[in-house]
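Residues per chain, in single letters:
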Amino acid sequence: MAVIDQPTITLRNGVQMPQLGLGVWRAKDGAEVEHAVRAALACGYRLIDTAAVYQNEAGVGAAIRSSDVPRKDIFVTTKLWNSDQGAKNVRAAFEASLERLGLDYIDLYLIHWPMPKKGLFVETWKEFEKLLAEGKVRSIGVSNFTVEHLEELAKHSETVPSVNQVELHPRFPQEELRRYCSEHDIHVQSWSPIGGQGSDLLDEETLHDIAQDHGKTPAQVVVRWHLQHDLIVIPKSVNEQRIAQNFDVFDFELSDDEMAAIDGLATGQRRGPDPNEFNTA
Ligand code: NDP
């Protein structure tokens, strides 16, 4: 089993989180996701990002439980789905995730979307605080929260989210949100980091040129861009070669000029939904 010296991020409560992990959205439960998680653990990944709504927690858990890597060395994130927000729903939803995963605790539990029009994220967060106090989760955070949502949360709670997982890639770098999070010691995690399924981000000439100079692929260059911006990054793949490729990024470094050239790809255009509008239950 590969043991790779990999960067970790220290969350505000002292918990160590690997900076590079495997995302499993759209990986089918059963053989597909189990194979992906096993392949990832074998090449050194120690962070797996799933969610109740991905409907693959069972496969993720099965792969983790059957792995040679001790549970304590694997950082597992899952997320509370929108329809489970609200004081009376959180605990049952959390226990159901834990049950599907077949684990005793979660390393990071996230509120998947703020759903501001429902007005439930503050009371949901209070339940997250209880899970944290009980030791059922090692850290708690949010996903798809804007500065406005984070400020609203701060008005009602002393517990600052450890992580905010948001859409973030060279075309949509979220600079203002990153500044705010950095000032408040909230670590930003990038979803759709290499552009997401069906994106043409990796066709950008800038990325190809830089990749060629380093003997790497455009995807590896983009993963490296996230790491060098101190972001936590979770590229998804169900393909063994691409899983390995996305993790093979610790033997090169982008120069300041290369980082700036990639920063220059920003268009400000999201691919995913606007968190203020997304209300799907
Ligand atoms: P990614 O940016 O990770 O892109 C995934 C796509 O890129 C897949 O089609 C994958 O195909 C392909 N791919 C992977 N590696 C390579 C490579 N080296 N070269 C070329 N293509 C590659 O997008 P995601 O949207 O999946 O985001 C990553 C993770 O973030 C998710 O899996 C999920 O865990 C999380 N997420 C969270 C959200 C939230 O609301 N909190 C929303 C969206 C995602 P293949 O599998 O065939 O390799």
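Data block above holds the structure.
Figured I'd write up the structure that's included with this text. (Residues numbered from 1 in each chain as written. Predicted model: local features only at pLDDT ≥ 70, side-chain atom pairs only at ≥ 80, totals over all residues. Heavy atoms only, no water.)

## Overview of the packing of aromatic side chains
Rules: Here the aromatic set is Phe, Tyr and Trp, taking the six-membered ring for Trp, and pairing holds for ring centres within 6.5 Å; pairs whose planes are under 30 degrees apart are stacked, those over 60 apart are edge-to-face, and all others are tilted. By definition, any uninterrupted DSSP run of H or I lasting at least four residues is a helix, any uninterrupted run of E lasting at least two residues is a strand, and each is numbered from the N terminus. Whether a residue is buried, partly exposed or exposed follows from its accessible area with a 1.4 Å probe, protein chains only, as a fraction of its type maximum: under 20%, in between, or over 50%, in that order. Whether a charge sits over a ring comes down to the Lys NZ or Arg CZ being within 6 Å of the ring centre and within 35 degrees of the ring normal.
Across all of its chains, the model carries 10 aromatic pairs by this definition. Residues tryptophan 113 and phenylalanine 278 carry aromatic rings whose centres are separated by 4.3 Å and whose planes lie at 45° to one another, so their mutual orientation is tilted. In this pair, tryptophan 113 is assigned in the loop between β6 (108-111) and α4 (121-133) and phenylalanine 278 in the segment after α10 (256-263), connecting sequence segments 165 residues apart. Both residues of the pair, tryptophan 113 and phenylalanine 278, count as buried. In this structure an aromatic cluster arises from ring pairing among Trp81, Trp113, Trp191 and Phe278. Positioned above the aromatic ring of tryptophan 25, the side-chain terminus of arginine 26 is 3.9 Å from the ring centre. The residue whose ring lies beneath arginine 71 is tyrosine 105, and the NZ or CZ to ring-centre distance is 4.0 Å.

## Things to note about the sheet that holds strand β5 (residues 75-80)
The line we're drawing: When DSSP finds two or more bridges between a pair of strands, those strands are recorded as paired.
Strand order in the open sheet formed by 8 strands is β3-β4-β5-β6-β7-β8-β9-β10, and the pairing between neighbours is parallel. Since the sheet does not close on itself, it has two edges, and those belong to β3 (22-23) and β10 (232-233), each with one partner. Alignment of β6 against strand β7 (residues 140-143), held across 3 bridges, turns out to be parallel. Considered in β7, the bridge of leucine 110 is made with glycine 141.

## Some points on the site of the ligand
Definition in use: Here a residue counts as near a molecule or strand whenever at least one of its heavy atoms sits within 4 Å of it. In protein, a polar contact requires one atom able to donate a hydrogen and another able to accept it; more generally it is a pair of N or O atoms within 3.5 Å, and residues adjacent in sequence count only if both atoms are side-chain atoms. Accessibility throughout is a Shrake-Rupley quantity obtained with a 1.4 Å probe, and a residue counts as covered only by protein chains that appear here.
In the vicinity of the ligand there are 29 residues, among which Asp49, Ser192, Lys236, Ser237 and Arg242 approach most closely. In this structure, tryptophan 25 approaches the ligand through a main-chain N or O atom, which is 2.9 Å from an oxygen atom. At a separation of 3.0 Å, an oxygen atom of the ligand approaches a polar backbone atom of glycine 196. Taking 910 Å² as the accessible area of the ligand by itself, protein coverage stands at 88%. If one sorts the elements of the shell around the ligand by residue count, helix α9 (residues 240-247) sits on top with 3 residues.

## With respect to the nonpolar core
We apply this condition: We define the nonpolar core as a collection of buried residues of types Ala, Val, Leu, Ile, Met, Phe, Trp, Tyr and Cys that are connected through side-chain atoms lying within 4.5 Å of one another. Contacts are assigned to residue pairs with any non-hydrogen atoms lying within 4.5 Å of each other.
Leu22, Val24 and Val37 are the most contacted members of the largest nonpolar core, which has 69 residues in total. No other element matches helix α1 (residues 31-43), which puts 6 residues into this core. Contacts of valine 37, omitting those with residues within four sequence positions, involve Leu22, Val24, Ile48, Val60, Ala63 and Ile64. Counting residues in hydrophobic clusters, the runner-up holds 11 residues, among them Ile9, Met17, Leu47 and Leu110.

## Some thoughts on the environment of asparagine 246
For asparagine 246, the location among the structural elements is in helix α9. Residue class for asparagine 246 comes out buried when judged on its relative accessible area of 3%. Counting along the chain gives 24 residues from asparagine 246 to valine 222, while the straight-line C-alpha distance between them is 9.4 Å. Among all residues touching asparagine 246, those that are not within four sequence positions of it are Leu20, Tyr45, Ala219, Val223, Pro235 and Ser237.

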